[in-house]
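# Descriptive structure summary
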Amino acid sequence: MAFFISGGNRPGKLQTRIDRGIESLTRLIQNFFIDILPLFANSLVALIVMFNANFYVGLVALCIIPVYFYVSRVQAQKLSGSRHTIKELRENKSQGILSILESINVIKSFIREDIESEKQMNLQNSLTATQLKTRRISFLFDGFKTFIEQIGVVLIIILTVYFVLEGDMTIGAIMFHILLSNNVSAPIRQLHRIYDEMNNALIYPESFFEVLDARHQVEDSGSYRPVPVKGHFSLRQVNFTYPDNEVRTLHHINMEIMPGRITALVGLSGAGKSTLINLLDKFYEPDSGEILLDGVSLKEYDTEYLRDHIGLVLQKNHIFNGTIEENIRYGNPHASMEDVMEAAGKSFLHEQVMSLPDGYQTSALALSGGQQQKIAIARMFLKDPPVIFLDEPTASLDAVSTEQIKNSLDAIKQNRTVVIISHSISQIIDSDRIYVMEGGQIVESGTHESLYRLQGTYKEIFDAMARSLNLDKISRTFE
């Protein structure tokens, strides 16, 4: 995950690198096998014929070639910076368009279309200005190379005329050598064009290969695959900082998550609770310290095997462009339709789905936010893992759905290791152990009763939860 959240690897930029990188590589291969080899052979044969006809005329034609390519090399160096700038601007443009499409509701609600339009126009103007700059440089160098080519032709004419006057050549040999010279220079002109295209095309493959190479850098997967996974996590002096972020997120975390128990993480927004779950799921590696699972370092675990034994339900879960059935089956691609329906029933989604005209073949994107959250929970039921991480699983649900899901979660929590983040009193009060986080540190830990008696941070948070629910008025209503 560290690779994908880095500033230079946003979705729009990666899409541009991959699309243009593959396109450029394809063009490079086509240029080499379709254009370069025949042109090179044509030029080489013409040079051999010229040397065979007259050594000195062939030498003049040969001497022009390195000068021509030297100028082309200088041109490529001059254009290198501009080409990298164009690449960066194109990536920013793609990312900007993607961000606009993802944020269109916010943009329209604040009536900020003009601001976003101006941002895109500024990017386009910068891109156009840089492209014009490259064309100006190319125009100057192309003119200079044409001048060098014509100098070569003039030198050949002068030399052949001299040989004619000396009686070593016939007059017709002048035209013969000029035609041969054209057979040398014409392929070279084409080779320059291809060389220029290759330099331009190589800009994107560089970034494309960086994406491929990054896989070996980030996928630090071990080979340990225990049977079974019990879920006993131990964190020892764990520190963590997100990539491209100078501020440390977690400081000296020491905690024990016992197998078969419910552990709650409580704290204000930004305390580091979700970050801790990201580390436990091996989305990131800590800067220092160690995380053990069942007595073995998390680094030693096979990453795919580890995640296959962990169920993760987030506050905002991604729904794929597909049917309800396909989205639920994502939890277990080999599950039967009966299993899918059973998982939907446990998340209290089945009846709502059956009321739809197309049932489980309805597009999942057509459902409400709360129904989509139930799909995410149904995925977890279908996966049936021994370890469950719940990050605000009922945040987007209504009161009735929240109660239904709580009952379902209470059932699936039995005999499993559960780590839950929640601002709901009902979700945390029954936990076997509660860790209170503040500023990326664990400041308190214990059961609900023991923490409340401490009169510390947990009591402040719990009292604030109770006040936000207006429990006094609710209790009077029941009376």
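Structural data are supplied above this passage.
Notes on the structure in this doc start here.

### Observations regarding the environment of V211
Residue position: V211 is located in helix α7 (residues 203-218). Since its relative accessible area comes to 17%, V211 is described here as buried. Along the backbone, V211 and F3 are 208 residues apart, and their C-alpha atoms lie at a distance of 9.1 Å. Residues in contact with V211, not counting those within four places in the same chain, are F3, L14 and R17.

### Thoughts on empty space enclosed by the protein
Using the criterion set out here, one finds 2 cavities of 30 Å³ or more in the structure. Here the second largest cavity is characterised by a volume of approximately 80 Å³. Forming the boundary of the second largest cavity are L279, K282, Y284, E285, P286, G289, E290, I291, S297, L298 and K299. With 3 residues, strand β4 (residues 288-293) is the single largest residue contributor to the lining of the second largest cavity. Here the lining of the second largest cavity is built from residues that sort into 5 nonpolar, 2 polar and 4 charged.

### Describing the pattern of salt bridges
Proximity of charged atoms lets side chains of opposite charge pair with each other. Counted by the stated rule, this structure contains 8 salt bridges. Between R329 and E325 there is a salt bridge, with its nearest N and O atoms 2.3 Å apart. With a gap of 4 residues between them, R329 and E325 both fall in helix α10 (residues 324-329), about one helical turn apart. Accessibility expressed as a relative area gives 14% for E325, which makes it buried. Across the salt bridge formed by R416 and D384, the nearest N and O atoms sit 2.4 Å from each other. Taken together, the residues R416 in the loop between α14 (399-412) and β8 (417-421) and D384 in the loop between α13 (369-383) and β7 (387-391) connect sequence positions 32 residues apart.

### Considerations on unusual backbone geometry
Residue P228 follows V227 across a cis peptide bond; omega there is -5 degrees. Mapped onto the secondary structure, P228 falls in the loop between α7 and β1 (233-240). A positive phi angle, near 50 degrees, is found at Q237, a position not held by glycine. Relative to the helices and strands, Q237 resides in strand β1.

### Structural notes on the nonpolar core
One finds I324, I328, I375, L390 and Y458 to be the most contacted residues of the largest nonpolar core, which totals 39 residues. Looking at this core, the element that brings in the most residues is α13, giving 6 residues. Aside from chain neighbours lying at most four places away, what touches L390 is I277, V313, M380, L409, K413, V418, V419, I420 and I421. Membership of the second largest hydrophobic core comes to 31 residues, among which are L235, A271, I291 and L293.

Criteria and cut-off values
- Residues numbered from 1 in each chain as written.
- Predicted model: local features only at pLDDT ≥ 70, side-chain atom pairs only at ≥ 80, totals over all residues.
- Heavy atoms only, no water.
- Helix = DSSP H or I, 4+ residues; strand = E, 2+ residues; numbered from the N terminus.
- Buried < 20%, exposed > 50% of the residue type's maximum accessible area, 1.4 Å probe, protein only.
- Contact = heavy atoms within 4.5 Å.
- 1 Å grid on protein atoms, 1.4 Å probe; cavity = no way out; pocket = protein on both sides within 12 Å on 5 of 7 lines; lining within 4 Å.
- Points joined across faces, edges and corners; volume = space filled by probe spheres on them.
- Nonpolar A, V, L, I, M, F, W, Y, C, P; charged D, E, K, R; others polar.
- Salt bridge = Lys/Arg side-chain N within 4 Å of Asp/Glu carboxyl O.
- Core = buried A, V, L, I, M, F, W, Y, C linked by side-chain atoms within 4.5 Å.

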